[in-house]
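The primary structure of each chain is shown beneath.
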Amino acid sequence: MKKPVSFLILNFAFAASLALANHESSKQPPLWTPLDGPERMAAMETPGGMVAVPAGWFLMGSDPKADRAAGPQELPQHKVYVDAFEIDKYEVSNVDYLRFVLAAGVDWPKFWRESPFPEKAALHPVINVTWREADAYCRWAGKRLPTEAEWEKAARGEDGRVFPWGNEPAGWIKSNIAHSGSKRGFRYPPLANIDRYDKGVSPYGVHQMAGNVSEWVSDWFDPEYYRRGHDRNPPGPETGELKVFRGGSWNEDPEVARSAGRNGGEPDRRSYLTGFRCARSEKNVTGHLSIVKGEEIPPRQPLTQ
């Protein structure tokens, strides 16, 4: 039985199209081609911006007469002068860090999947990053990690308050800190979006400097450092074994999240309790290459969808 002419024409056209296809072509795909999952998520809008902190003196450390939770590593309370600087208004989110991963080719943090994370977690702070990775991200973004003194001034202002919002205890509407009745130890932590808790911002308008995640800063940790009399732009010890992280987390008691609280971890430490934010000097240095796994990381490039 003869096949219809229309069937033969269609078969011929299909075969011709296969013969002409060039799968090695460098031509860009059509504009309607959907982005892969990570690229699509990296193109999402995220809260951003930096907050200016003016030059001047502030009270750093704790006064045990005013703060009964003060630890010995926070003593003595003393006046410190820091130059003007800027600090990220929000913690670095999963989406922000994904852009760095795609641009620099570094490893994904743990807790990420192939997707690489649920969309509901897109604006959660990135966790399980080492100090070295946090430092590399900030340099890639044209910034740096804040010093311990900068972080504390941005968190509490000039008056020595216990928390970013004042001296009253942390409450449910001001911070993502563990309280009596909190659910702790979830397989995926109960983190909050980086722009939540606007009633608990610091005097300069910086979000979540108490709770959600603790944050890496640039300094080496020395519990005796405050006793050494560094009162102008203290850079921290020249060397050490631990790096400082600040601010407490969703899984810790309010005492840990006080603005003067200090803790330290190894630079390669990864924790589901720790993230970071970046800072920038008023007189910004434009060179910002970093080394991760022996490779240079290119500066941040604008994303196009």
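The residue count restarts for each chain, going from 1 along the sequence in the order it is written. Reporting of local features is limited, given that this is a predicted model, to residues whose pLDDT is at least 70; pairs of side-chain atoms are given and counted only at 80 or more, and all residues count toward the totals for whole chains, interfaces and linings. Side-chain measures were taken over the full set of non-hydrogen atoms in the model, leaving aside hydrogen atoms and water.

Participant: Just give me the short version of the pattern of salt bridges, but keep the residues and values in it.
Facilitator: Take a side-chain nitrogen of Lys or Arg and a carboxyl oxygen of Asp or Glu: if they are within 4 Å of each other, that pair is a salt bridge. With the rule as written, the count across this model stands at 19 salt bridges. Between Arg40 and Glu119 there is a salt bridge, and its shortest N-O distance comes to 2.8 Å. Here Glu119 lies in the loop between helix 3 (94-104) and helix 4 (131-140) and Arg40 lies in helix 2 (residues 37-42), a separation of 79 residues in the sequence. Counted as one network, the salt bridges with shared partners bring together Glu148, Glu152, Arg156, Arg246 and Arg262. Segments assigned H or I by DSSP are reported as helices when at least four residues long, segments assigned E as strands when at least two residues long, and all are numbered from the N terminus.

Participant: Could you give an account of the sheet that holds strand 5 (residues 214-220), with specific residues and numbers?
Facilitator: Any two strands with at least two DSSP bridges between them are considered paired. Across the sheet, four strands lie side by side as 7-6-5-8; this open sheet has mixed pairing. Strands with a single pairing partner mark the edges of an open sheet, and in this sheet they are strand 7 (263-265) and strand 8 (274-276). Here the strands of the sheet are splayed against their neighbours by 50° on average, with no regard to which way each runs. In this sheet, strand 7 lies alongside strand 6 (residues 243-246) in antiparallel orientation, the contact comprising three bridges. Each bridged residue has a counterpart across the sheet, and for Phe245 the counterpart in strand 7 is Asn263. We call two residues in contact when some of their heavy atoms are within 4.5 Å. Note on geometry: axes are lines fitted to C-alpha atoms, helical ones only across the stretch in contact, with angles between N-to-C directions running from 0 to 180 degrees. In this fold helix 4 packs onto strand 5, strand 6 and strand 8, with an angle of close to 85° to the strand it touches most, strand 5.

Participant: Please provide a residue-by-residue account of unusual backbone geometry, values included.
Facilitator: Note that the residue after Leu75, namely Pro76, is joined by a cis bond; omega there is -5°. Relative to the assigned elements, Pro76 resides in the loop between strand 2 (56-60) and strand 3 (78-82). Even without a glycine there, the phi angle at Asn212 is positive, about 65°. Along the chain, the position of Asn212 falls in the loop between helix 5 (148-156) and strand 5.

Participant: Go over the confidence of the model for the protein chain, please, and point to the residues and values.
Facilitator: When pLDDT is averaged along the protein chain, the result is 83; 78% of the residues meet or exceed 70. Values of pLDDT, the confidence the predictor places in each residue, fall between 0 and 100. Confidence drops under pLDDT 50 across residues 285-298; counting only partners more than four residues distant or on other chains, this segment forms 28 contacts.

Participant: Hey, could you go over the sheet that holds strand 1 (residues 50-53) for me, with residue numbers and the actual values?
Facilitator: An order of 1-4-9 is seen for the three strands of this open sheet, with the pairing classed as antiparallel. With one partner strand each, in any of the chains shown, strand 1 and strand 9 (279-281) form the two edges of the open sheet. When strand polarity is set aside, the average angle formed by the axes of neighbouring strands in this sheet is 25°. Where strand 1 and strand 4 (residues 85-88) come together, four bridges link them in antiparallel fashion. Within strand 4, the position partnered with Ala52 by the bridge is Glu86. Sheet strands in contact with helix 5 are strand 1, strand 4 and strand 9, and its direction is about 75° off that of strand 4.

Participant: Requested: an account of the packing of aromatic side chains, with residues and values cited.
Facilitator: The criterion for an aromatic pair is that two Phe, Tyr or Trp rings (for Trp, the six-membered ring) have centres within 6.5 Å, with stacked assigned to planes under 30 degrees apart, edge-to-face to planes over 60 apart and tilted to the rest. Taken as a whole and assessed by the stated rule, the structure comprises 14 aromatic pairs. Measuring from ring centre to ring centre gives 5.8 Å for Trp108 and Trp112, while their planes differ by 65°; the resulting arrangement is edge-to-face. With relative accessibility at 33%, the residue Trp108 sits in the partly exposed group. The buried category is assigned to Trp112, whose relative accessible area is 10%. Taking 5.0 Å as the distance between ring centres and 5° as the angle between the ring planes, the aromatic pair formed by Phe163 and Trp165 counts as stacked. Trp165 shares its class with Phe163; the two are buried. An aromatic cluster of three or more residues is present, and its members are Tyr97, Phe100, Trp108, Trp112, Phe117, Tyr137, Trp140 and Phe276. The criterion for a charge sitting over a ring is simple: Lys NZ or Arg CZ within 6 Å of the ring centre, and within 35 degrees of the ring normal. The positively charged end of Arg196 is found above the aromatic ring belonging to Tyr197, 4.7 Å away from the centroid. Per-residue accessibility, obtained with a 1.4 Å probe over protein chains only, is compared with the maximum for each type, and a residue is labelled buried under 20%, exposed over 50%, and partly exposed between these values.

Participant: Describe the pairing of strand 4, naming the residues involved and giving the relevant values.
Facilitator: Two strands pair when backbone bridges link them, and strand 4 and strand 9 are joined in this way by three bridges, in the antiparallel orientation. Bridging from a neighbouring strand, Glu86 pairs with Arg280 of strand 9.

Participant: So what's going on with helix 4? Residues and values would help.
Facilitator: With eight of ten residues buried, helix 4 lies mostly within the body of the structure. Buried within helix 4 are the following residues: Trp131, Glu133, Ala134, Asp135, Ala136, Tyr137, Cys138 and Trp140. Gly142 sits one or two positions beyond helix 4 and adopts a positive phi of about 80°.

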